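So the chains spell out like this:
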Amino acid sequence: MVLETTAFAVSYGKIEALKGVSIAVGDKEAVAVIGANGAGKSSLLLGLAGIVESRGAAVYRGRDLGVLPSHGRVKDGLVLCPEGRHVFPELPVEENLRLGAYRRGRARQGLEKAYELFPRLAERRRQAAGYLSGGEQQMLAIGRALMAEPELLMLDEPSLGLAPVLVDQVFEALGRLRATGMAMLLVEQNAVKALGFADRAYILETGRVVMEGRARELLNDGRVRSAYLGI
Amino acid sequence: MRGTLRYMAVTAAVGILAGAVFSGQSFILVILSQIVVFSIAALGLNLLTGMAGQVSIGNAAFMSIGAYASVVLATRLGVPVPLAAVLGGLAAAVFGFLIGLPALRMKGFYLAIATMAFGVVVEQLIAVIPALGAHDGIRNIPSFLPGELWTYLFNLAFYLVLLWAARRVAESPVGLRWRMVRDGETPARSFGVDTARAKLSAFTLSAFYGGVAGSLYAHTVGYIRSADFGLGRSLDLLAMIMIGGLGSYQGGLAGAVIIVGLRFFFSRGFGPWLSVIIGGLLVAFTLFFPRGIAWGATLNWHKRLQVPYLWLLRKIRRRRTSMDGSSVVVSGKNMFYREAGEGRPVVLVHGNTGSCLWWRDAMDLPGWRTVAPDLPNFGRSDALDVADIDAYADSLAAFIDVLGLKRPVVVGHSLGGAVVMSLAARKPELAAGIVLVDSASPSGLKTPEEHYPVIELYRTSRDLMRKALSGVAPTLKDERLLDNLADDAMLMAPHAYAGNARALERFDYAGRAGAFTGPVLVLWGRKDVIVTEAMARETAAAYKNAKLSIWDDAGHSPMVENAERFRKELLDFLAGI
Amino acid sequence: MLVKLLQSIIFGLPQGALYGLMGFGLSLVFGTAGVMNFAHGNAGMVGVFVGWTVLVLTKSLPAGIVAGLAAGAVLGAFMDRVLMKRVRGLSHGSMLIITLGVLMILDGLALIVWGTEPLLFPDLFSGLPILWTLPPALNPSGMPLIIPGNDLRTFLAALGSALLLAAFFRWSKPGLAARARAQDEVGAKAVGINVAASDTLAWSVGVASAVLAGFLIAPKTTVAPTMLVNLQLYGFTAAVFGGFSSMMGAVIGGLALGVIEKLVVLGLDEAFMAGGVAGVNAVDFQLSVVLIIIIVTLAARPTGLFASKFKGKV
Ligand SMILES: Nc1ncnc2c1ncn2[C@@H]1O[C@H](COP(=O)(O)OP(=O)(O)OP(=O)(O)O)[C@@H](O)[C@H]1O
Ligand SMILES: [Mg+2]
């Protein structure tokens, strides 16, 4: 088991965004989390990354994350690619990528891989990230997260703002990474893609897990299909 | 406005009293004068920083400009002192306008730097002008009036007038625009606010207040130096409004009492500590009491200080059952009601925080017997353990039964409308017809969660209650009736304040209300701020046999806002039954 | 005339380097931790007092200087950890008012602990002035240019340290992290930057740099509670020139300011002389002129002269 949470909860002041969820990510497993807007998916990932405060237990590779600060989690290979990109707008693309390897990872190899994955970024390596298009920034954010050579990669809506062909590319790239044994926790709006990609999935609704199971089975479940897949 | 007038009256009384008590002690009178003068300057800063959100750390410079201008006018050009004071204010206002121009393009920290620079420039430049006494300043400035007492009272009068004016401005559209700028320039702009003009007017007015304060200061103390109006003074002013409460009109006075008082207290030998204490207050208030003393005082006023008075009010008012009303026992509880006329029965059901008094002017319906109860939990009737619409409706049904009213027409206002809906849906045969006046709709009425703390405050504050009721009946002109309605509202059972709002939230007769098939009149006033037009239409649509009547110039409470028209419309409806 | 002009520049540059050092500290804290520190000068002043005390006790100038810088670093860390941590997420106004409160507290504390008597501080450097005579073709009067020895060294020390620190924050890994953190906090946390530590570093270095500026100016001003008040204003101006997020910009802005200031005095002097104005001293106007420059600059470029493009904040 790479990650296991019990009664994991996140609140913002009085608002309980995540009301105690128990999820698990196994070795080399890709797990998807889907749910409507405001269901608490981002809160889950931010809490796991230590960027917002959380309650409950989260055990990562046999160690309770407890109050471990965010940088400590990155050091242990628990890396988040946050929703909304959060690139450093004034720094050039390459500098952004290098910062991805700030805590762990080898900058040189990482850069090569990132440029290989997203040749577009290589063309813009000297440009300030703030000048990139939304989709390019998304590529940059993913590339930056990969720079840390994650052991568990948490992705929050990686396909957001990308053209369909690029979405396919991203998922293809993620597939290759998975083949190397990297565990993944994937939050997606694009539920069909996510369920098609993942091994298992959880469905969140107003801060709670309302359903879980093998991704394939959920993909064929009538309720899921009508509520989340719009089929 | 009433609040301000009352506050002004209290301040004037306390101020004059203080003057009288210390009339022989000129030292203390000068302190009192300074408190009042700095309150004016703090008020000016509060308009700019608290209202319009523009942090200035150079406002003492406006005092300086006003002081020097006024002194020059009075001593060299022979202008009468009171006029010189106002002209001093205007001179400062001109500078306020000028510094406001470059400040238009700046925000936050940058503006703070610019205002600080402005303050230091004024201080430095005045200090090198020989005609203004350079570093040594000007001495022997004549005062307005002979004697410290009159000077003090004169300053106090200025403060009160300027306070009143500030309140007027703040409540005008100009003040609204300031607050919009404070809460976000971009959104303000998208609402069509000319943010540049708004900021400029705030700067100018703030400078005017500072200038007047400066001239009063000069003529009170009799001696000015440009160093008296340096960065330290500007920080004093900032401390005053932080301590008193950012954006509060009264707060500046509290802050001035503390800061000026401290300055005198520490004037002998403890100077350095003063700096530490004022700095500490700035930090502490920003961190722990960001709304300042005035807010705390206001909250206490609404939460605690009126409690004894309300206790007394409840005691007295409950006992006055003689008041042309009667009581019956309904399911073991006393219910109070009033009635009028003879004929077929009409039952009038009041709304939330209501009582039978709301129907006072609607009860005279020739040919009909009108009966208006206080629902349980309300007015002079006994309380229930719960606050629930169905429970109210059950009590109402039992009440109708006990009084032996045969097939009455039942009229419900607001929450009372929900009660009537519940009654009519579950016992359709009971009523011959129903009238729903600005009623909650069949799907209930949701109160935003953040309003609940305010609702809780109504329980302990008649002031707020009265204010709320005047919003509920926006065109009601009868102040006495409003007072009485507010007094009656305070009789409500304590648990019902939040309880009724929750009850209306739970209330859901969507789909069931239509069980009543008799004639229905739905009345709605366009100025209603609680029930929307959509809700009124939803209510009318819930019944097979409903007529919707919309009044353009009434709010939530047509029967008190225009009783004449209400009776007429009601009689028309009754005639058709 | 040319000599006067050159002489003004020569006198202006060392001052300018001090302004630049001050501006560097201000823009460091603003550009990384996002706080405009109005207590910057006074925090530096307290550090200088500590240094002076250690100097008197140990009779060792280096010990005093090290102690002063360390005190500044600790004070900076304290302000960040204890005060600013609580207002994070509050309005800019709140942070501003807190630094103003700290300004007053430090002022009072210095008076309480060290009193109002100005305390002498030894020259950090000594050296003979350098005289330099321009060729007669340019300089008919034959007046030499004077470059005071300690001014030259002060200039080198201030400019050198400011540039060194600015370079550190420009190119080192912690420096890069600090700037990245200012641009996107969530992004910074996501890549594993220790944001709290980064802020503390900026505050510590920032306040320590103010202490350094204080040491460099102390031989002239003496050690007193108000010693850095004006220097802070100059620092603000320098940082405003630099656009507040560019530390190099602040250093260069400071140099420019030092020269402009002396030229303004020269110009005013000439004007007063030509206009026959008596009884006023051009030097009295120098601060005012500088401050008017701040206001005008801010009005023209509300976020500074070299402000970078992607600044949504403030
Ligand atoms: N910083 C915050 N402060 C207050 N409330 C927040 C904050 N962030 C999120 N919330 C609230 O918490 C709830 C969950 O938000 P979250 O961002 O986790 O949802 P989500 O599932 O990621 O939604 P989406 O699909 O739109 O990204 C929402 O109701 C949201 O309004
Ligand atoms: Mg999300």
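Residues numbered from 1 in each chain as written. Chains lettered and ligands numbered in written order. Predicted model: local features only at pLDDT ≥ 70, side-chain atom pairs only at ≥ 80, totals over all residues. Heavy atoms only, no water.

**Quick notes on the nonpolar core**
Alright, step 1. If you look at the biggest cluster of nonpolar residues, it comprises 185 residues, and the most contacted ones within it are I224 of chain B together with F38 and F244 of chain C.
Alright, step 2. A total of 15 residues in this core trace back to one element, the largest contributor, which is helix 2 (residues 26–51) of chain B.
Alright, step 3. With residues up to four places along the chain from it excluded, the contact list for I224 of chain B reads A67, Y68, V71, D136, G137, I138, I141, Y217, A218 and F229 of chain B.
Alright, step 4. Listed in part, the 97 residues of the second largest apolar core include V410, I455, A540 and M559 of chain B. (Core = buried A, V, L, I, M, F, W, Y, C linked by side-chain atoms within 4.5 Å. Buried < 20%, exposed > 50% of the residue type's maximum accessible area, 1.4 Å probe, protein only. Helix = DSSP H or I, 4+ residues; strand = E, 2+ residues; numbered from the N terminus. Contact = heavy atoms within 4.5 Å.)

**Re helix 4 (residues 92–114) of chain C**
Every α-helix winds through 3.6 residues per turn, so residues three or four apart in the chain are directed the same way.
Alright, step 1. A rise of 1.5 Å per residue sets the reference length of helix 4 of chain C, with its 23 residues, at 33 Å; its end C-alpha atoms lie 33 Å apart and thus fit the reference within 8%.
Alright, step 2. Positioned one or two residues after helix 4 of chain C, G115 of chain C has a phi angle of 75 degrees, which is positive. (Expected span 1.5 Å × (residues − 1).)

**Some thoughts on the interface of chain C and chain A**
Alright, step 1. Between chain C and chain A, the residue contacts involve 21 residues of the former and 22 residues of the latter.
Alright, step 2. Here chain C meets chain A over a buried area of about 2100 Å², counting both sides, of which 65% is carbon and sulfur.
Alright, step 3. Here chain C is connected to chain A by zero salt bridges.
Alright, step 4. Viewed at the interface, chain A and chain C are joined by six residue pairs in polar contact (both at pLDDT 80 or more). (Buried area = accessible area lost by both parts, 1.4 Å probe. Salt bridge = Lys/Arg side-chain N within 4 Å of Asp/Glu carboxyl O. Polar contact = N/O pair within 3.5 Å; in protein donor to acceptor, adjacent residues only side chain to side chain.)

**Re the sheet that holds strand 4 (residues 30–35) of chain A**
Residues and elements named next belong to chain A.
Alright, step 1. Ordered in space as 7-8-9-4-10-11, the six strands form an open sheet in which the pairing is mixed. One side of each edge strand has no neighbouring strand; the edge strands of this open sheet are strand 7 (78–81) and strand 11 (208–214). Between one strand axis and the next, the sheet turns through 15 degrees on average, direction left out of account.
Alright, step 2. Of the strands in this sheet, strand 7 and strand 8 (152–156) are in contact with helix 6 (residues 134–147), which crosses strand 7 at around 175 degrees. (Pairing = 2+ DSSP bridges. Axes fitted to C-alpha atoms, helices over the stretch in contact; angles between N-to-C directions.)

**Some details on the packing of aromatic side chains**
Alright, step 1. Counting across every chain of the model gives 16 aromatic pairs over all chains.
Alright, step 2. Ring centres 5.4 Å apart and planes at 70 degrees place the aromatic pair Y337 of chain B and F399 of chain B in the edge-to-face group. Here Y337 of chain B, found in strand 2 (residues 333–340), pairs with F399 of chain B, found in helix 15 (residues 389–402); they are 62 residues apart in sequence, far enough to count as distant. When sorted by exposure, Y337 of chain B lands in the same class as F399 of chain B, which is buried.
Alright, step 3. Here the aromatic rings of Y19 of chain C and Y234 of chain C are separated by 4.2 Å at their centres, their planes lie at 5 degrees, and the arrangement is stacked. Within this pair, whereas Y19 of chain C is found in helix 1 (residues 2–33), its partner Y234 of chain C is found in helix 9 (residues 229–242), the two being separated by 215 residues in sequence.
Alright, step 4. Owing to a relative accessible area of 1%, Y19 of chain C belongs among the buried residues under this scheme. (Phe/Tyr/Trp six-rings, centres within 6.5 Å; stacked < 30°, edge-to-face > 60°.)

**Some thoughts on the interface of chain C and chain B**
Alright, step 1. Contacts between the two partners involve 47 residues from chain C and, on the opposite side, 35 residues from chain B.
Alright, step 2. Summing both partners gives a buried area of about 3700 Å² for chain C against chain B, and 85% of it is carried by carbon and sulfur.
Alright, step 3. There are zero salt bridges connecting chain C and chain B.
Alright, step 4. Here chain C is connected to chain B by one residue pair in polar contact (both at pLDDT 80 or more).
Alright, step 5. Going through the elements one at a time, helix 3 (61–87), helix 4, helix 9 and helix 11 (286–300) of chain C are the ones with two or more residues in the side of chain C that touches chain B.
Alright, step 6. Tallied by class, residues from the side of chain C that touches chain B come to 34 nonpolar, nine polar and four charged. (Nonpolar A, V, L, I, M, F, W, Y, C, P; charged D, E, K, R; others polar.)

**Notes on the pairing of strand 5 (residues 409–413) of chain B**
Residues and elements named next belong to chain B.
Alright, step 1. Burial of strand 5 is extensive: five of the five residues sit out of reach of the surface.
Alright, step 2. Here strand 5 shows a buried face lined by V409, V411 and H413 and a second buried face lined by V410 and G412.
Alright, step 3. Sheet topology places strand 3 (residues 344–349) next to strand 5; four bridges connect them, and they run parallel. Among the inter-strand pairings, V349 is bridged to a residue of strand 5, identified as G412.
Alright, step 4. Note: strand 5 against strand 6 (residues 433–437), five bridges, orientation parallel. Along strand 6, the bridge assignment pairs V410 with I434.

**Some words on the pattern of salt bridges**
Residue and element names in this part refer to chain B.
Alright, step 1. Following the criterion strictly, the structure yields 38 salt bridges over all chains and no others.
Alright, step 2. Put simply, D487 and R462 hold a salt bridge, and the shortest N to O gap is 2.4 Å. Here D487, found in helix 19 (residues 479–489), pairs with R462, found in helix 18 (residues 462–472); they are 25 residues apart in sequence, far enough to count as distant. As far as the burial class goes, D487 and R462 line up, both buried.
Alright, step 3. Among the ionic pairs, E533 bridges to R526, the shortest N-O distance being 3.1 Å.
Alright, step 4. By sharing partners, the salt bridges in this structure join R462, R466, E479, D483 and D487 into a single network.

**Examining the packing of helix 6 (residues 148–171) of chain B against helix 9 (residues 195–221) of chain B**
Residues and elements named next belong to chain B.
Alright, step 1. At their nearest, the axes of helix 6 and helix 9 sit 11 Å apart, and the two run at 175 degrees to each other. Our classification of the angle between helix 6 and helix 9 gives roughly antiparallel. In this structure, helix 6 contributes T151, F154, N155, F158, L162, A165, A166 and V169 to the contact, and helix 9 contributes L205, F208, Y209, V212, L216 and T220.
Alright, step 2. Here the contact of helix 6 with helix 9 is built from residues that sort into 11 nonpolar, three polar and no charged. (Parallel < 35°, antiparallel > 145°, perpendicular 65-115°, else oblique.)

**Details of the coordination of the magnesium ion (ligand 2)**
Residue and element names in this part refer to chain A.
Alright, step 1. Those protein atoms acting as donors to the magnesium ion (ligand 2) are S42 (OG) and E83 (OE), and they sit at 1.9 to 2.4 Å. In this pair, S42 is assigned in helix 1 (residues 41–49) and E83 in the loop between strand 7 and helix 3 (93–100), connecting sequence segments 41 residues apart.
Alright, step 2. Residue S42 is classed as buried on the basis of its relative accessible area of 18%. (Donors = N, O, S within 2.8 Å, 3.2 Å for Na, K, Ca; no water.)

**Points about the side chain of S441 of chain B**
Alright, step 1. Along the chain, S441 of chain B turns up in the loop between strand 6 and helix 17 (452–460).
Alright, step 2. Of the polar contacts made by the side chain of S441 of chain B, one reaches the side chain of E538 of chain B; its length is 3.3 Å.

**Structural notes on the confidence of the model for chain C**
Residue and element names in this part refer to chain C.
Alright, step 1. Counting all residues, the mean pLDDT for chain C is 85, and 93% of those residues have values of 70 or more.
Alright, step 2. Taking the mean pLDDT of every element in chain C, the minimum, 75, falls on strand 1 (residues 130–132) and the maximum, 95, on helix 2 (residues 40–58).
Alright, step 3. A low-confidence stretch, residues 309–314 stays under pLDDT 50, and its non-local contacts, those more than four residues away or across chains, total 14 contacts.
Alright, step 4. The complex model carries a pTM of 0.76, and its ipTM stands at 0.92. (pLDDT = per-residue confidence, 0-100.)

**Some thoughts on the packing of helix 3 of chain C against helix 8 (residues 195–221) of chain C**
Residue and element names in this part refer to chain C.
Alright, step 1. For the pair helix 3 and helix 8, interaxial distance at closest approach is 7 Å and the crossing angle is 140 degrees. On the basis of the axis angle, helix 3 is oblique to helix 8. In this structure, helix 3 crosses over helix 8, and the sense of that crossing is right-handed. On helix 8, the residues touching G64, I65, G68, L69, G72, A73, G76, A77, M79, D80, R81 and M84 of helix 3 are A196, A197, D199, T200, W203, S204, V207, A208, V211, L212 and F215.
Alright, step 2. Class assignment of the residues belonging to the contact of helix 3 with helix 8 gives a composition of 14 nonpolar, six polar and three charged. (Left-handed = near helix turned anticlockwise from the far one by under 90°.)

**Describing the site of ligand 1**
Residues and elements named next belong to chain A.
Alright, step 1. Contacts to ligand 1 come from 14 residues, most closely from G38, K41, S42, S43 and Q189.
Alright, step 2. Within the contact set of ligand 1, an oxygen atom lies 3.4 Å away from a side-chain nitrogen or oxygen of E157.
Alright, step 3. Coverage of ligand 1 by the protein amounts to 62% of the 640 Å² it exposes when considered alone.
Alright, step 4. Broken down by secondary-structure element, the contributors of at least two residues to the shell around ligand 1 are strand 2 (15–21) and helix 1.
Alright, step 5. A per-element tally of the shell around ligand 1 places helix 1 first, with three residues.
Alright, step 6. Partitioning the shell around ligand 1 into residue classes produces five nonpolar, six polar and three charged. (Near = heavy atom within 4 Å. Areas by Shrake-Rupley, 256 points an atom, 1.4 Å probe, with all protein chains shown as cover.)

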